[in-house]
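Residue-level structural notes
What follows is each chain in one-letter form.
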Amino acid sequence: MAHALGALASVSPSVTADASLRKTGFKINNNLSYDNRLWIPLSSVNLKSRFSSTKYRCKVVSMSVQQTVRSKIPVQPLELENAKETPLNLYKPKEPYTATIVSVERLVGPNAPGETCHIVIDHGGNVRYWEGQSYGVIPPGENPKKPGSPHNVRLYSIASTRYGDSFDGKTASLCVRRAVYYDAETGKEDPSKKGVCSNFLCDSKPGDKILLTGPSGKIMLLPEEDPNATHIMIATGTGVAPFRGYLRRMFMEAVPTYKFGGLAWLFLGVANSDSLLYDDEFTGYLKDYPDNFRYDKALSREQKNKSGGKMYVQDKIEEYSDEIFKLLDGGAHIYFCGLKGMMPGIQDTLKRVAEQRGESWDTKLSQLKKNKQWHVEVY
């Protein structure tokens with residue numbers, strides 16, 4: 001997949017011609033167009049005929065696979081890079097910030113189990129945050145367990161960089177799966193038991209108000225001391241949210257003080273292809289930065305693991321275990337985000353692989369935590 005562009009335009013000559021050739025309006029058929037760049041297939045260039053005349057001079061300068069990389073997007077205000085301290089709990093449950101819904105977009109296809117939405121929130125630049133942090137949301141209404149009191153705060157990992165999807169530092173984005181409950185006997189949805197906050201967010205309309213607290217969290221902050229570090233990110237479902245923020249900062253935004261030159265490796269586990277989240281963004285990075293980004297998907301309802309069972313993220317980890325352990329030994333950071341049920345299977349896999357390598361997983365895990373290479377946020 002990382003070499004899709006290379007497969008599309010495998011070998012293409014860089015051709016220089018003098019002004020007289022350009023003036024003729026000379027055309028070559030069967031050209032390949034990609035991102036408004038013109039590719040001239042080598043087989044179309046007849047170097048023995050027209051190009052060999054003195055009037056139409058043409059030289060093959062190089063024979064190489066060319067790649068069009070999208071320009072990074074300028075961000076503002078760059079003062080957001082100057083903060084010395086992590087922004088924490090700028091707004092608390094008793095005094096939340098009233099923000100505004102900008103947009104709500106369904107992220108998944110028709111065959112995905114459940115609904116997941118991308119929600120953009122305008123905070124006016126007042127609830128600043130860093131990549132990897134979470135917002136608290138207080139849904140409207142009364143807490144049924146505490147009559148007269150508001151609902152408890154629900155935490156959501158922020159799915160954008162500090163500059164937001166509008167690149168101006170005034171918005172934040174959340175990735176939210178609508179929580180619904182199905183009766184075990186009837187198989188029908190029971191609206192009385194649906195998730196209060198997730199349904200409020202997914203049902204929101206542009207202009208609706210939302211109460212925010214936070215930001216909170218430091219464990220998932222992206223370490224930026226070494227711009228050439230390796231970051232291994234393992235997500236299930238909406239746990240991909242903080243990693244979308246990391247990757248936009250690494251590959252999409254033009255941040256003068258952060259030039260990423262390391263390796264970012266994302267493992268994403270979802271049910272099927274229709275359940276993939278932000279897949280277009282991630283595959284775009286693969287095309288533009290094949291040396292700096294890797295992307296592996298575990299589709300439990302479409303793929304089989306080596307034992308013939310469903311493919312989960314831990315199976316993908318096992319598949320690349322030798323490489324992952326070597327990267328960890330070299331100082332790589334590893335992150336886990338998603339439902340807490342993901343961790344036992346992952347831990348079992350890592351322990352088994354460590355033992356096969358003649359290592360103690362408990363000792364290795366202790367060292368990873370001590371070195372601040374181990375980052376976990378599950379819910």
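None of the values given here were measured: they were computed from a predicted structure.

1. Side note on the overall build of the protein chain
Along the backbone of the protein chain there are 9 helices and 17 strands. Out of the 379 residues in the protein chain, the part that is buried amounts to 47%. Partitioning the intrachain contacts of the protein chain with sequence separation of at least 6 by distance along the chain shows that 74% fall at a separation of at least 24. Only carbon and sulfur atoms are counted for the fraction: they give 50% of the accessible area of the protein chain, which is about 19,600 Å².

2. Side note on the environment of isoleucine 324
Tracing the chain through its elements places isoleucine 324 in helix 7 (residues 321-329). Overall, isoleucine 324 belongs to the buried group, its relative accessible area being 0%. Separated by 10 residues in the primary sequence, isoleucine 324 and isoleucine 334 place their C-alpha atoms 9.2 Å from one another. Beyond its immediate chain neighbours, meaning those up to four positions away, isoleucine 324 contacts Ile232, Trp265, Phe267, Ile317 and Ile334.

3. Let's talk about the nonpolar core
In summary, soluble globular proteins display a tendency toward joint burial of nonpolar side chains. By size, the foremost hydrophobic cluster in this structure holds 39 residues, and its most contacted members are Phe243, Leu247, Met250, Phe251, Leu266, Phe282 and Phe293. Contributing elements (two or more residues each) for this core: strand 12 (230-236), helix 4 (241-252), strand 14 (263-270), helix 5 (279-288), strand 15 (293-299) and strand 16 (333-338). Here the element with the most residues in this core is helix 4; it accounts for 7 residues. Discounting residues that sit within four places of it in the chain, phenylalanine 243 has contacts with Met220, Met233, Ile234, Ala235, Leu266, Tyr335, Phe336 and Cys337.

4. Observations concerning the sheet that holds strand 14
Working definition: the strands of a sheet are paired by backbone hydrogen bonds and lie parallel or antiparallel to each other. Strand order in the open sheet formed by 5 strands is 15-14-12-16-17, with parallel pairing between adjacent strands. Only two strands of the sheet have a single neighbouring strand rather than two, namely strand 15 and strand 17 (374-378). Ignoring which end each strand starts from, the neighbouring axes of this sheet average 10 degrees apart. One ladder, built from 7 bridges, connects strand 14 with strand 15; its direction is parallel. Considered in strand 15, the bridge of phenylalanine 267 is made with aspartate 296. Helix 4 rests against strand 12, strand 14, strand 15 and strand 16 of the sheet, and its axis sits at about 145 degrees to strand 12. The strands that helix 7 touches are strand 12, strand 14, strand 15 and strand 16; relative to strand 14, the one it contacts most, it runs at about 135 degrees.

Cut-off values and rules
- Residues numbered from 1 in each chain as written.
- Predicted model: local features only at pLDDT ≥ 70, side-chain atom pairs only at ≥ 80, totals over all residues.
- Heavy atoms only, no water.
- Helix = DSSP H or I, 4+ residues; strand = E, 2+ residues; numbered from the N terminus.
- Buried < 20%, exposed > 50% of the residue type's maximum accessible area, 1.4 Å probe, protein only.
- Contact = heavy atoms within 4.5 Å.
- Areas by Shrake-Rupley, 256 points an atom, 1.4 Å probe, with all protein chains shown as cover.
- Core = buried A, V, L, I, M, F, W, Y, C linked by side-chain atoms within 4.5 Å.
- Pairing = 2+ DSSP bridges.
- Axes fitted to C-alpha atoms, helices over the stretch in contact; angles between N-to-C directions.

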